[in-house]
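Tertiary structure, described
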Amino acid sequence: MFNDMVEFCMSNLARGSYEALEQLEQDPNLDIIEYSCLSHCTLCERSLFALVNGEVVKGDTPEELVKKIYKHLEENPIV
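- The name that an unreviewed UniProt entry assigns to the chain is YuzB family protein, with the source organism given as Fervidibacillus albus.

Here it is in structure tokens:
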């Protein structure tokens, strides 16, 4: 069985998504990866975001980002 993958941009982590990363790292069913850049610079400047199994998920706060990531995973299970 494969784990879901959540990817973060280092710049976005510095803007506030680090709290979301810390919370998600506690979930053994997720693979968390940090990259120097995910090439979503315009989005990165405007909101907190992560790539979840390759799809953009964004939130206004770390808490909202975590909720939206779990909602996305629930609605889009890995087959």
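After that view, the rundown keeps rolling.
1. Notes on helix α1 (residues 10-24)
- Along its 15 residues, α1 runs just 16 Å from first to last C-alpha, ending more than 12% under the 21 Å computed at 1.5 Å per residue.
- Residue glycine 16 marks the point of greatest curvature in α1, where the axis turns by about 95°.
- Every buried residue of α1 is listed here: Asn12, Leu13, Ser17, Ala20, Leu21 and Leu24.
- Residues of α1 that are buried make contact with β1 (4-9), β2 (30-35), α2 (41-46), β3 (48-52) and α3 (62-75).

2. Topic: the pairing of β2
- Relative to β2, β1 runs parallel, the two sharing 6 bridges. Looking at β2, one finds that cysteine 9 is bridged to tyrosine 35.
- Tracing the backbone out of β1, into α1 and back to the parallel element β2 gives a crossover that is right-handed.

Criteria and cut-off values
- Residues numbered from 1 in each chain as written.
- Predicted model: local features only at pLDDT ≥ 70, side-chain atom pairs only at ≥ 80, totals over all residues.
- Heavy atoms only, no water.
- Helix = DSSP H or I, 4+ residues; strand = E, 2+ residues; numbered from the N terminus.
- Expected span 1.5 Å × (residues − 1).
- Bend = angle between axes of the 7 residues up to and from the residue.
- Buried < 20%, exposed > 50% of the residue type's maximum accessible area, 1.4 Å probe, protein only.
- Contact = heavy atoms within 4.5 Å.
- Pairing = 2+ DSSP bridges.
- Right-handed = clockwise from strand over helix to strand, strands pointing away.

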